[in-house]
Amino acid sequence: MSNNGMEQIGRIVKALSGYYYVRPEQGGAAEPTLQCRARGIFKKRGESPLVGDLVAYEPTENGEGAVNRILPRTTELVRPPVANVELAVLVFSVTEPTLNLQLLDKFLAHVEHAGLQPIICLSKLDLAAKDGTGADTLADIERIYRPIGYEIYSTSSLRHEGTGELEARLAGRLSVFAGQSGVGKSSLLNSIVPGLELHTAAISNKLGRGKHTTRHVELIGIAGGGYVADTPGFSQLDFQELGVDELSGCFPEFRERAGACKFRGCTHTHEPFCAVLEALENGEISPSRHEHYLLFLAEMKDKKRRY
Ligand code: GDP
Ligand code: ZN
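Here the structure is a predicted model, which is why all the values come from computation and not from measurement.

Student: Give me the lowdown on the coordination of the zinc ion (ligand 2), citing residues and values where you can.
Tutor: The coordination sphere of the zinc ion (ligand 2) contains the protein donors Cys261 (SG), Cys266 (SG), His268 (ND1) and Cys274 (SG), at a distance range of 2.1 to 2.4 Å. Coordination at the zinc ion (ligand 2) comes from 4 donor atoms whose angles at the metal span 105 to 114°, giving a geometry best classed as tetrahedral. All donors to the zinc ion (ligand 2) come from one chain, and their sequence spacing reads C-x4-C-x1-H-x5-C. The exposure classification of histidine 268 matches that of cysteine 274, with both residues buried.

Here's what the structure looks like:
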């Protein structure tokens, strides 16, 4: 492999029409990207670089660059196709739309399975403050999810509240935002990344559907180093790629107790001397979490039967 001593390490921030746009790791968001081709060797091996990849690359004679190799990935997401994502910011509005705990647990399970660190981000706090709707929701989230160890951020993009704290948490990391449409993801991203100006719902409704379907993923540099993907992740949440026996491992409070269950491979559904069921019984595990676990299990088994 050619190495004329100009090789550096960079991050692929965009991929388009066979080109990879690489930004040097040292230097920050202001550094220009270099338009690169991947070496032929990747095709031969059936590998392809992904946005988010850390790569060794070097300039070529034509003013472009070449990606020589991909550094080992820590994580790999399929939707959106991004490598090395560390944080998944799960955005849920306290109201409009009403917070759905079942959906939150589904997102959390997916994020755990993908090996990312989840952050629960409550949005539109100004609405809760206005007429009190959503106040119970806030309390519920704190009560159920803090003890599990999940981080919770409360924000209002409208009032620029809590967004600074979230921004500080994301510094130096690669993050994706996920959540139902309309919860305020674009508004949050816009307030975290000055000048980003993503279309929010008001505008994209006029443009019709396809806001996120035709676009390519791009990483946006943020203050303090780090990146956010400019497109929401985990839009299609089915448990296709997750095995039935993997689900309980995606609930941290179950995972940490499973060793104390009497039976190996305990499913925490009906077994005697199950540490998870005991914790549920004495109030250490939230009923809604276990209920949703049972629902997801049933859903997965049902899928298996149908395919
Ligand atoms: P996305 O679909 O998740 O990207 O959501 P958008 O950012 O497009 O926001 C959906 C709707 O919620 C828009 O009408 C926004 O103006 C509104 N919205 C977003 N953030 C806030 C907020 O903090 N407070 C209030 N009251 N409305 C918000
Ligand atoms: Zn058990």
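Here the narrative resumes, following the displayed structure.
Student: If you had to explain the environment of phenylalanine 92 to someone new, which residues and values would you point to?
Tutor: As for its placement among the helices and strands, phenylalanine 92 is situated in strand S6 (residues 87-93). Sequence separation of phenylalanine 92 and glycine 182 is 90 residues, and the distance between their C-alpha atoms is 9.4 Å. Discounting residues that sit within four places of it in the chain, phenylalanine 92 has contacts with Leu99, Asn100, Leu103, Leu104, Phe107, Cys121, Leu122, Ser123 and Val183.

Student: Give a detailed account of unusual backbone geometry, specifying residues and quantitative values.
Tutor: Following glutamate 96, the chain continues into proline 97 via a peptide bond in cis, with omega recorded as -5°. As for its placement among the helices and strands, proline 97 is situated in the loop between S6 and helix H2 (101-114). With phi around 65°, asparagine 84 is a residue other than glycine that occupies positive phi space. Under the relative-accessibility criterion, asparagine 84 is labelled buried at 8%.

Student: Requested: an account of the pattern of salt bridges, with residues and values cited.
Tutor: Applying the stated rule across the entire model yields 16 salt bridges. Linking arginine 69 and glutamate 7 is a salt bridge whose minimum nitrogen-to-oxygen distance equals 3.3 Å. With arginine 69 in strand S5 (residues 65-70) and glutamate 7 in the segment before strand S1 (8-16), this residue pair connects regions lying 62 residues apart in the sequence. Judged by relative accessible area, which is 41%, arginine 69 ranks as partly exposed. Among the salt bridges present, the one from lysine 106 reaches glutamate 299, with a minimum N-O distance of 2.9 Å. Here glutamate 299 lies in helix H10 (residues 287-306) and lysine 106 lies in helix H2, a separation of 193 residues in the sequence. Residues participating in the shared-partner salt-bridge network are Asp53, Arg73 and Glu76.

Student: So, the pairing of S6: which residues are in play, and what are the values?
Tutor: Counted residue by residue, S6 has 7 buried out of 7 residues, so it is predominantly covered. Here S6 shows a buried face lined by Leu87, Val89, Val91 and Ser93 and a second buried face lined by Ala88, Leu90 and Phe92. Two elements, S6 and strand S7 (residues 117-123), share 7 bridges in a ladder whose sense is parallel. Residue pairing across strands places leucine 90 opposite isoleucine 120, the latter belonging to S7. Handedness of the β-α-β unit built from S6, H2 and S7 comes out right-handed. Here S6 pairs with strand S9 (residues 174-178) via 4 bridges, running parallel. From the neighbouring strand, alanine 88 faces S9, where its bridge partner is valine 176.

Calculation rules
- Residues numbered from 1 in each chain as written.
- Chains lettered and ligands numbered in written order.
- Predicted model: local features only at pLDDT ≥ 70, side-chain atom pairs only at ≥ 80, totals over all residues.
- Heavy atoms only, no water.
- Donors = N, O, S within 2.8 Å, 3.2 Å for Na, K, Ca; no water.
- Tetrahedral: all angles 85-135°; square planar, octahedral: opposite > 155°, others 65-115°.
- Buried < 20%, exposed > 50% of the residue type's maximum accessible area, 1.4 Å probe, protein only.
- Helix = DSSP H or I, 4+ residues; strand = E, 2+ residues; numbered from the N terminus.
- Contact = heavy atoms within 4.5 Å.
- Salt bridge = Lys/Arg side-chain N within 4 Å of Asp/Glu carboxyl O.
- Pairing = 2+ DSSP bridges.
- Right-handed = clockwise from strand over helix to strand, strands pointing away.

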